[in-house]
Amino acid sequence: MKPVHGAAVAALGALALIGCGVRLTHFNGPATRRAAVQLVEHEQPSHRLVPETQQPAAARQPVVAPKPRVPVTSAPPPPAALSPRAGGDTKGGGKAGGDGLSADACLIAKWGGVWALEGPRRTRYHVDIPTPGCDQRSAEVEGDSLATFPKAHGGGPGYALGAKGSKAACLRRACAGPGLRKPALVEAPTPLQAPPNGWGLGPAPGWMEGSPLRFNVVAIKAFAAGGSYEGMPPGQPLLLVFGGASVNDMLRNWALHVQRLALPYVVTCMDESLFTLAGNHGMPAAIFRGGSGEEASAGPGVVTTRWKYFRMDPRAFMTMGILKVRFFLAFLRAGFDILCADLDVLWLRDPRPWVTGQVATSALISFADIVVSTDVTSDAAENDRASWGLAQELNTGMLLLRSSPGAAVVCEAWVDRMKQEMVSIEKLPKNMLQWWSNDQTFFNEVHMRATLDGFANPKATDAARRERAAEHLRSIDRRPARTAALDAALKRLGDMIAAGPAKAGELEDVRGLQFRSRIGCDGQHHSFAIGTFPYELFASGHTFFSQSLQLRRGFSPVAVHTTFQFCDTAEFAWGKRSRLRERLLWLVDPDSYYERVGPASEPQPEPTELEYSGFLHLDGALLDMSSWPRPYMRSEASAAIKVEGSRSFIDETLARKSDVHTMRDGPARHLLLDSFQRRLIHDALALARAMKRKLILPPLQCWSDRYWNALVRGRFPGVRADAQPLPFHCPFDHLFDNEKWAHSDAPIREHSFLDSHRVPDRDPNPNPNPRSTPFSTATACRTATGTTR
């Protein structure tokens, strides 16, 4: 970001939380949160935070919200002709079966829901309680064409089929016609490919020869006799990571963290360039073999894109998702349990104690077919009542898959669903950038569409429910040692249940499981157990970078995923790198990045870096509100802030506009206070440019979180005040657009720069603890006090 002068400072304050183009709106309470939807239809009432006397007379009158516009609707186009697929009932007229529908009724599905169509108008009845596999035998509705099939009885009584009607309807055939895909369940079953040793028993000798993958020399040596991976015991996970050469710096950073922990891993490569690069850096790697046959027909074995960052290319990213899950299947069918991670996940501690059940609270998830991370940001979902986050969005950035039929069936369905989506993606403009369609979306769909067995529960007080869960868990891994460990874990749970209230807290802390089932490619029902990783230890970007939950509670997470960040572009993941640098977790910067004189990157140095020598560092806290007078008013900043939300919120904010000490937590207060912070950074940047020194940014504060949805008193919904006190130390990308700063002619360094051990000893920090030396905020506003090096 280039220096800003004069009157632009006030405008910068208004951009504090929208540096990347996101407008934030604060809604207070559930009622007004629902009103957020209406923003699409009309503007919320708004005011500027200006003194009452400066407002026009009309502005001081009561605000009346404009009436919402009535949406214009048109009748849906007539549906295309449909027919039951071959083998269905074809006789017209009358009713057939126990569902009360006509003989020509057939099935469609969309996002896990199932409907039966009947009659000339093709009205739809909702199959309220579908039987297992019902959605897989239904034709998938493409795009938004579900609305072309009108609801029977206008969606009123009679529209939903009860338990008996749903069961009978699910015996119908799938519909056929334009806008409908063939059922996901193939009519010609194919055997489920099992490992040579059997499920859960580890890889067989010579497994590489029969693999569809090609391995580099490093991997071959690691798995060979006497290699570091030889004799990996069944149940010990092999770490996998995926990527292409265009993001090789993120891959190298990932690998350096894993190598510190001495964990077995393989880099699965999306292109030949990365396969070669991995070998050059001593990383074990695999890529799909070329040739013909089943593997060639499964899809391309490499991914190409004209963008550096795959995430923004919908075709490349979905192709990468398909290829990634094909890698999963290749290792599962070889007999490996695998712990899969995205490139932007960093392993900071050994995850195996949680995966193998050495940690008491993970006793059950160590026996699950699938364990996945979540995007939960508070402990509200960390209990049996909330299903341990399984009812919310699951994040496949950290994913444990056992070598079991259940995990394999889920992966096969996942690949099939993504292949279906590619049909729609191919219709998008070639130069379109988008980020909302990804492989994770369809993992969640496959999971939620699987039939839930609500009876099986290893923590239930009913012994029959516990035994039903135990039967499934025993079927995952039949090794005697594993069965004995499972029986011991189940006995401990039984003892806790029998102990009653004395052990209730300990029992509650044991993470629970869900049991679901799908019909596999072999036409058989396969159940699978699924659980989630603990959200504090397998951390999202929000709990780690924004809440700083682990840091404040005094422990390191097992892994951190750089989610909930901003400012990533098709060129590079600027926000991810910035956050990792701030936490000293970005390990691949060249030595010159830390030198007084030298370029910031290799082999292509930043030209502006060569013009600068030394650093400029601001000392102390930027804002010390305890020294501010009461009340405090800043007219030029408050005039640039637009207040939106409920009537009560607007009235309260305007009433307290001149006293930042009493303003309610939220975006309006943040924008007002951040205007001071930006002025200091502006002055420091100007001074650094004049002195030709690189600016070491100060720690930044935020008085409101940043989110693409409604906030509650400046925080994510569900996040308590004690979990995220305000103000909080916020990442740079919360306030500024990293891409603009990266391409500016003023070099900067993150606030933690001097804490890095890579700063040369010959250039010691002149102030051993610079943040412990406070200084007056007023002085800082006038002079941008700093130390130079």
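Here, the structure is the one placed above.
Please read these numbers as outputs of a predicted model, since none were measured by experiment.

Novice: Even after reading the chapter, I still don't get the state of the cysteines, so can you show me in this structure?
Specialist: Joining two cysteines, a disulfide is a covalent bond between their sulfur atoms. Under the definition given, this model contains 3 disulfides. Two residues, Cys 134 and Cys 170, share a disulfide whose sulfurs are 2.2 Å apart. One quick way to see it: the torsion about the S-S bond of Cys 134 and Cys 170 is about -95°, and its sign makes the bridge left-handed. Placement of Cys 134 in the loop between β7 (123–127) and β8 (139–141) and of Cys 170 in the loop between α3 (163–169) and β10 (175–176) is noted, with a sequence separation of 36 residues between them. Using a relative accessible area of 2% as the deciding quantity, one classes Cys 170 as buried. Distance from the sulfur of Cys 340, which forms no disulfide, to the nearest cysteine sulfur (Cys 411) is 7.7 Å.

Novice: Any chance you could explain the sheet that holds strand β16 (residues 338–341) here in plain terms?
Specialist: Picture the strands of a sheet paired through backbone hydrogen bonds; they go either parallel or antiparallel. Taken in spatial order, the 10 strands line up as β12-β15-β14-β13-β16-β19-β18-β22-β21-β20 in an open sheet, and their pairing is mixed. The open sheet has two edge strands, β12 (213–215) and β20 (451–452), and neither has a second partner. Docked against the sheet, helix α11 (residues 439–449) engages β18 (370–374), β19 (394–401), β20, β21 (514–519) and β22 (525–532), running at close to 70° with respect to β19.

Novice: So what exactly am I meant to see when it comes to the nonpolar core here?
Specialist: What tends to happen in soluble globular proteins is that the nonpolar side chains get buried as a cluster. In terms of nonpolar packing, the biggest core is built from 110 residues, with Phe 328, Phe 331, Trp 347 and Leu 401 touching the most fellow members. Sort the elements by how many residues they give to this core and helix α8 (residues 314–334) lands first, with 13 residues. In this structure Phe 331 touches Trp 207, Leu 213, Phe 215, Leu 238, Leu 240, Val 266, Thr 268, Phe 336 and Ile 338, once residues within four positions along its chain are discounted. Phe 676, Ile 681, Leu 697 and Ala 746 belong to the second largest nonpolar core, which has 25 residues in total.

Novice: Even after reading the chapter, I still don't get helix α19 (residues 647–655), so can you show me in this structure?
Specialist: Here α19 has its buried residues at Phe 649, Ile 650, Thr 653 and Leu 654. Along the axis of α19, the buried residues cluster in a sector spanning 125°; they form a single face.

Novice: Which parts of the structure should I look at to understand the environment of Leu 473?
Specialist: Tracing the backbone through its elements, the reader meets Leu 473 in helix α12 (residues 463–476). For the pair Leu 473 and Thr 483, spaced 10 residues apart in the sequence, the C-alpha separation amounts to 8.8 Å. Setting aside residues no more than four positions away along its own chain, Leu 473 makes contact with Phe 367, Leu 486, Leu 513, Phe 515 and Ala 529.

Novice: Help me out: how do you make sense of the side chain of Thr 123 in this one?
Specialist: As for its placement among the helices and strands, Thr 123 is situated in strand β7. Under the relative-accessibility criterion, Thr 123 is labelled buried at 16%.

Novice: I tried to follow the sheet that holds strand β17 (residues 345–347) on my own but got confused; where do I start?
Specialist: Judged by pairing direction, the sheet is mixed, and its 3 strands sit side by side in the order β17-β24-β23 without closing on themselves. Edge positions in the sheet fall to β17 and β23 (538–539), since each has one partner strand and no second. In this sheet, strand β24 (residues 559–561) lies alongside β17 in antiparallel orientation, the contact comprising 3 bridges. For Trp 347, the partnering residue across the bridge sits in β24 and is Ala 559.

Novice: What exactly am I supposed to notice about the packing of α12 against helix α13 (residues 480–499) here?
Specialist: Two numbers describe how α12 lies on α13: the axes approach to 11 Å, and their chain directions differ by 160°. By the angle between their directions, the pair α12 and α13 is classed as roughly antiparallel. Both α12 and α13 take part in a crossing whose hand is right-handed. From α12, Arg 466, Ala 470, Leu 473 and Arg 474 reach across to α13, where they touch Leu 486, Asp 487, Leu 490 and Ile 497. Here the residues of the contact of α12 with α13 sort into 5 nonpolar, no polar and 3 charged.

Criteria and cut-off values
- Residues numbered from 1 in each chain as written.
- Predicted model: local features only at pLDDT ≥ 70, side-chain atom pairs only at ≥ 80, totals over all residues.
- Heavy atoms only, no water.
- Disulfide = S-S within 2.5 Å.
- Helix = DSSP H or I, 4+ residues; strand = E, 2+ residues; numbered from the N terminus.
- Buried < 20%, exposed > 50% of the residue type's maximum accessible area, 1.4 Å probe, protein only.
- Pairing = 2+ DSSP bridges.
- Contact = heavy atoms within 4.5 Å.
- Axes fitted to C-alpha atoms, helices over the stretch in contact; angles between N-to-C directions.
- Core = buried A, V, L, I, M, F, W, Y, C linked by side-chain atoms within 4.5 Å.
- Arc of directions from axis to C-beta.
- Parallel < 35°, antiparallel > 145°, perpendicular 65-115°, else oblique.
- Left-handed = near helix turned anticlockwise from the far one by under 90°.
- Nonpolar A, V, L, I, M, F, W, Y, C, P; charged D, E, K, R; others polar.

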